[in-house]
Structure formats: structure tokens, C-alpha cells
Amino acid sequence: MSAVTWEIALYIILAILAHILVFLFVTRKRVKSIVGKHVVVTGGSKGIGLRVAVECALRGANVTVLARDEKMLSGAVALMEVIRQSPEQKFQYRCLDLSTNYENVQKCLEEIEKELGDIYMLVNCAGLAICGVFEEVPVEDARKLMDVNYWGSYNCTRYVLPKMKQAKAGIIVITASQAALFGIYGYGPYAASKYALRGMAETVAMECRHLGITVTLALPADTNTPGFENENKTKPQETKLISGGGGLAEPDAVAKQIVNDALKGNFISILGFESWLLTLMGGALFKWDGFFQNLFHAVLLGPLRIVGYFLHLHFEGIIKSCAKKKKTE
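This structure is a prediction, so every number in the text was calculated from the model and none was measured.

Caption draft 1: Spatial organisation of helix α4 (residues 102-116). For α4, built from 15 residues, the straight-helix expectation of 21 Å at 1.5 Å per residue is met to within 8% by its first-to-last C-alpha distance of 21 Å. Within α4, the full set of buried residues consists of V105, C108, L109, I112, E113 and L116. On an axial view of α4, the arc spanned by its buried residues comes to 140 degrees, and they lie on one face. Those residues of α4 that are exposed and aimed more than 90 degrees away from the buried face are K107 and K114. Positive phi appears at G117, one or two residues downstream of α4, with a value of about 90 degrees.

Here is the structure:
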């Protein structure tokens with residue numbers, strides 16, 4: 001091929017790339033403003049929930065935090081007061097067990113709306129983790145996981161959804177976990193509660209997307225929070241070895257990613273390459289945004305099936321090794 005032909009081919013390639021970049025620039029999602037809007041964060045007294053509340057306060061929102069510990073809730077409000085962006089901003093808290101019956105949650109949310117107006121953005125962050133081999137997790141703990149993780153998010157989402165549909169605007173964040181993508185040794189009842197949240201998020205998103213309401217499913221990996229410390233107290237060694245390879249994310253980074261994805265209207269919120277890889281393999285039917293992103297995924301998914309196969313072999317090897325060690329001990 002002559003030098004002229006190579007030059008023409010190069011120009012064509014550069015022109016195609018330039019058109020793609022222009023297309024991506026024009027169609028990229030803009031971040032919505034929440035200045036003066038009412039944001040409610042459940043589990044907002046500590047961990048990811050607290051950092052989400054702070055991030056929303058930094059973006060000019062009026063924020064209500066919900067949890068059970070009044071002392072920690074008052075500390076969360078005090079922290080937001082320190083970083084307030086304008087004198088008009090308002091912050092408040094309410095002590096509430098979100099897993100209680102729907103009527104109690106409804107009453108509380110009605111009261112806070114009287115103070116700060118209709119809820120524009122709901123961020124469901126309340127949750128807990130109890131680990132253990134499936135048959136060794138007490139039945140009451142398995143029920144507690146579903147009550148707090150699923151029913152807590154269900155009750156709040158159930159309240160705001162009809163009002164958001166009527167207003168044709170609103171943002172709902174449902175915080176699940178990477179454990180909502182595939183079952184892992186020691187995460188049985190916990191993973192079940194997170195799978196339930198994943199199903200709820202996908203359903204609600206499909207039901208209300210055409211009405212101007214966006215749903216974001218947050219899938220954080222292990223994060224350096226008080227909840228993670230408690231989780232490790234019940235976590236089997238096999239679970240620690242399987243899940244420990246991904247490192248430990250910081251709550252600030254996770255919270256910023258969640259808020260940013262929610263305000264862009266992204267359905268999935270993840271942080272880091274490993275989370276992206278696992279989410280791609282475990283959520284093939286998720287609504288990933290953008291044609292080119294989906295095209296890229298289509299090319300990757302075939303080879304990644306092989307990666308997934310060897311990943312499961314690795315996990316099984318860890319479990320067998322731990323079983324042998326227990327037997328010798």
C-alpha cells in the first residue's frame with residue numbers, strides 16, 4: 001500500500017474518532033442540580049449514608065437523615081451545618097426504625113415533608129450484614145436482614161413513588177451490594193436481601209422511567225465503614241478470602257460516585273475496575289447507558305464467560321482448602 005493510501009486511511013480513522021468524540025460530548029449526561037431540593041437519606045447517621053448526606057449538603061440540598069441512633073443523627077446534622085453552602089439550607093433528622101410497619105414510615109415521612117417540602121431525592125442507604133454458613137445463621141437474623149435491608153427500602157420507596165409520579169420528577173437510589181450479583185460462600189441470607197433490592201430497583205426503574213423519575217442501583221463493594229467492621233465479626237474465613245481480594249473502598253469515594261451517578265440518571269453506580277467487571281458479568285440484562293458502552297460490553301461478554309468460569313474454580317479452591325485445614329485442626 002502506498003504512502004498516499006496510508007495517509008488517506010489515517011485521515012478516515014481520525015475523522016471517525018473525531019465524530020465519535022463529538023457524539024459522546026453532545027450526548028453525555030448532565031448532572032442535575034439539587035440546590036434547594038429536599039433529599040432524604042436513610043441510614044444517614046454513619047458510613048456511606050452519612051457521606052451521601054454530606055455530599056448532598058455540599059451540593060446545596062436541604063437534607064433529612066433517618067436512622068435509629070439519635071446521638072449519631074444529631075452529629076450528622078452538626079457536620080452538615082459546618083459545611084452548609086447557603087444560609088437558606090435546612091438540615092434535620094428523625095429517629096425511625098425503617099423496618100417497622102409501613103404506616104409508621106408513612107407518618108414520619110409526611111411530617112418531614114411539612115418541614116422541608118416534598119421529597120425530590122430518596123437515597124436508601126440503611127442496611128446491615130450478618131454473615132455465616134447458611135444453616136448456621138439464626139432464623140431471627142435472617143428475618144432481620146430482610147426486614148432492614150429490603151423492607152426498610154421498600155417502605156420509603158413505596159411512600160415517595162406515587163408523589164414523584166404525580167410531579168413527574170424525582171430520584172430514587174437503592175443501595176444493594178456486589179453480593180446482589182452472585183451468591184458467595186457465607187453471604188446466604190444477606191445476599192438474598194440484596195438480590196431482592198436489585199429486583200425492586202429494576203422493576204421500579206422500568207415502571208417509572210417514562211414519567212421522568214430515575215432509579216439508581218448502587219452496588220458498592222467492601223467499604224471501610226462501621227457496618228463493615230461488624231460484618232467481619234460474623235464472616236467465615238472462606239468469605240474473607242473470597243471477598244478480600246478487591247480491597248477496601250473509602251466511604252467518601254463511594255458516596256460521591258453514588259450521588260454523581262444518581263444526578264446523571266445512571267441506573268448502575270459502581271466504583272473501581274473490579275466492581276465494573278463483576279457487574280458486567282453478573283448483570284447482563286442491566287440497563288447500561290449509551291449505545292457505544294453496550295457495544296463495548298457485547299464484545300467483552302463472550303471472553304468474560306471464560307473469566308467467570310475460572311473465577312468460580314478459584315473460589316471453590318479456597319473453600320476446599322479451608323475445609324481441609326478445618327479437618328486437620
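Caption draft 2: Region of the structure containing the pairing of strand β3 (residues 91-95). Sheet analysis places strand β2 (residues 62-67) next to β3, joined by five bridges and oriented parallel. When the bridges of β3 are listed, T64 appears paired with Q92. Taken together, β2, helix α3 (residues 70-82) and β3 constitute a β-α-β crossover, and its handedness is right-handed.

Caption draft 3: Structural detail: a nonpolar patch on the surface. Side chains of I306, Y309, F310 and L313 sit close together on the surface and give an oily, nonpolar patch of about 430 Å² of accessible area. Checked against the element boundaries, I306 lands in helix α11 (residues 291-328). On the basis of relative accessibility, which here comes to 51%, the residue I306 falls in the exposed class.

Caption draft 4: Highlighting α3. A rise of 1.5 Å per residue sets the reference length of α3, with its 13 residues, at 18 Å; its end C-alpha atoms lie 19 Å apart and thus fit the reference within 8%. Restricting attention to buried positions, one finds in α3 the residues L73, A76, V77 and M80. The buried residues of α3 all sit within an arc of 95 degrees when viewed along its axis, so they share a single face. For α3, the exposed residues lying more than 90 degrees away from the buried face are K71 and V82. Check the buried side of α3 and you find it contacts α2 (47-58), β2 and β3. In this structure D69 caps α3, since a side-chain oxygen of it lies 3.1 Å from the backbone nitrogen of K71.

Caption draft 5: Molecular detail of the pattern of salt bridges. Inspection of the entire model under this criterion finds eight salt bridges. Here R84 and E81 are joined by a salt bridge, their closest N and O atoms 2.7 Å apart. Overall, R84 belongs to the partly exposed group, its relative accessible area being 27%. For E81, a relative accessible area of 34% puts it in the partly exposed group. Through salt bridges with shared partners, a single ionic network connects E113, D118 and K163.

Caption draft 6: Structural detail: the nonpolar core. Core analysis: the largest hydrophobic core is formed by 56 residues, its most contacted members being V215, L217 and L219. Only α4, β4 (119-124), α5 (139-167), β5 (170-175), α6 (188-208), β6 (213-218), α10 (273-282) and α11 provide two or more residues apiece to this core. With eight residues, α6 is the single largest residue contributor to this core. Apart from residues no more than four positions distant in its own chain, L217 is found in contact with I174, A176, L197, R198, A201, F267, I268, S269 and F286. Counting residues in hydrophobic clusters, the runner-up holds 33 residues, among them V52, V63, L73 and V259.

About the thresholds
Residues numbered from 1 in each chain as written. Predicted model: local features only at pLDDT ≥ 70, side-chain atom pairs only at ≥ 80, totals over all residues. Heavy atoms only, no water. Helix = DSSP H or I, 4+ residues; strand = E, 2+ residues; numbered from the N terminus. Expected span 1.5 Å × (residues − 1). Buried < 20%, exposed > 50% of the residue type's maximum accessible area, 1.4 Å probe, protein only. Arc of directions from axis to C-beta. Pairing = 2+ DSSP bridges. Right-handed = clockwise from strand over helix to strand, strands pointing away. Patch = residues over 30% accessible without salt bridge, like charges linked within 9 Å, V, L, I, M, F, W, Y side chains within 5 Å. Areas by Shrake-Rupley, 256 points an atom, 1.4 Å probe, with all protein chains shown as cover. Salt bridge = Lys/Arg side-chain N within 4 Å of Asp/Glu carboxyl O. Contact = heavy atoms within 4.5 Å. Polar contact = N/O pair within 3.5 Å; in protein donor to acceptor, adjacent residues only side chain to side chain. Core = buried A, V, L, I, M, F, W, Y, C linked by side-chain atoms within 4.5 Å.

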